[in-house]
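Now for the letters of each chain:
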Amino acid sequence: MLQRIQTIWTFLAVLAAVFLFITGEDVVISDSFPVINIGCIVLVLVGVLSIFSFKNRKRQILLNNISIIINALLIGVLMYWLLKLSGGIDFPEKGIEPVFSLIAMICLLIANIYIKKDERLVKSVDRLR
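Reading the values: rules and limits
- Residues numbered from 1 in each chain as written.
- Predicted model: local features only at pLDDT ≥ 70, side-chain atom pairs only at ≥ 80, totals over all residues.
- Heavy atoms only, no water.
- Helix = DSSP H or I, 4+ residues; strand = E, 2+ residues; numbered from the N terminus.
- Buried < 20%, exposed > 50% of the residue type's maximum accessible area, 1.4 Å probe, protein only.
- Contact = heavy atoms within 4.5 Å.
- Axes fitted to C-alpha atoms, helices over the stretch in contact; angles between N-to-C directions.
- Parallel < 35°, antiparallel > 145°, perpendicular 65-115°, else oblique.
- Left-handed = near helix turned anticlockwise from the far one by under 90°.
- Nonpolar A, V, L, I, M, F, W, Y, C, P; charged D, E, K, R; others polar.
- Expected span 1.5 Å × (residues − 1).
- Phe/Tyr/Trp six-rings, centres within 6.5 Å; stacked < 30°, edge-to-face > 60°.

It is worth spelling out the overall build of the protein chain at this point. From N to C terminus, the protein chain includes five helices and zero strands. Among the 129 residues that make up the protein chain, the fraction classed as buried is 39%. Relative to all contacts within the protein chain whose residues are 6 or more apart in sequence, the contacts with residues 24 or more apart total 73%.

This part takes up the environment of W81. One can find W81 in helix 3 (residues 57-84). The buried category is assigned to W81, whose relative accessible area is 7%. Sequence spacing of W81 and V27 is 54 residues, and the spatial spacing of their C-alpha atoms is 7.4 Å.

Below, the discussion takes up the packing of helix 2 (residues 35-51) against helix 3. Helix 3 packs onto helix 2 with a crossing angle of 160° between their chain directions and a minimal axis gap of 9 Å. Here helix 3 runs roughly antiparallel to helix 2, going by the angle between their axes. Helix-helix and strand crossings are classified by hand; for helix 2 and helix 3 the assignment is left-handed. Together, V35, I36, G39, C40, V42, L43, V46, G47, L49, S50 and I51 of helix 2 and Q60, L63, N64, S67, I70, N71, L74, V77 and L78 of helix 3 make up the contact between the two elements. Taken together, the residues of the contact of helix 2 with helix 3 break down into 13 nonpolar, seven polar and no charged.

With that settled, consider helix 2. Given a rise of 1.5 Å per residue, 17 residues ought to cover 24 Å, and the 24 Å separating the end C-alpha atoms of helix 2 matches this to within 8%. Here helix 2 has its buried residues at I36, N37, G39, C40, L43, V46, G47, S50 and I51. Of the surrounding secondary structure, the elements contacted by the buried residues of helix 2 are helix 1 (5-23) and helix 3.

On to the packing of aromatic side chains. Overall, the coordinates contain one aromatic pair when judged by the stated rule. Between F19 and F100 the ring centres are 5.9 Å apart and the planes differ by 45°, which places this aromatic pair in the tilted class. One end of the pair, F19, is in helix 1; the other, F100, is in helix 5 (residues 97-128), with 81 residues separating them in the sequence. A residue is classified by how much of its surface remains accessible, and F100, at 15% relative accessible area, is buried.

What follows is the structure, encoded as structure tokens:
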């Protein structure tokens, strides 16, 4: 059932990862290893896998937790990049890349709440049989 509310929240998190991929092109942490691009691709793949594993709620929660951890690591890397940049502290000058990871984390946390709510509902219906 792809029309559930947790699917929408997970899709919003995937969309935030896509926006981070698009806006993160100018982020250079290491010259030889594109950390942000690889992280965004992994986030999109894990998010899509989470969306399409709607029949297995435990796997869906696990995949969302993995995405939350990856987003937290990306926020750390992006904050390091922001602090390493030269220039003032003006918001447009520095970039909004960490905001996308934060939005994705919030969306995934809300999706996990709704997945757990579904799990409790299914278990309560099983008890009645």
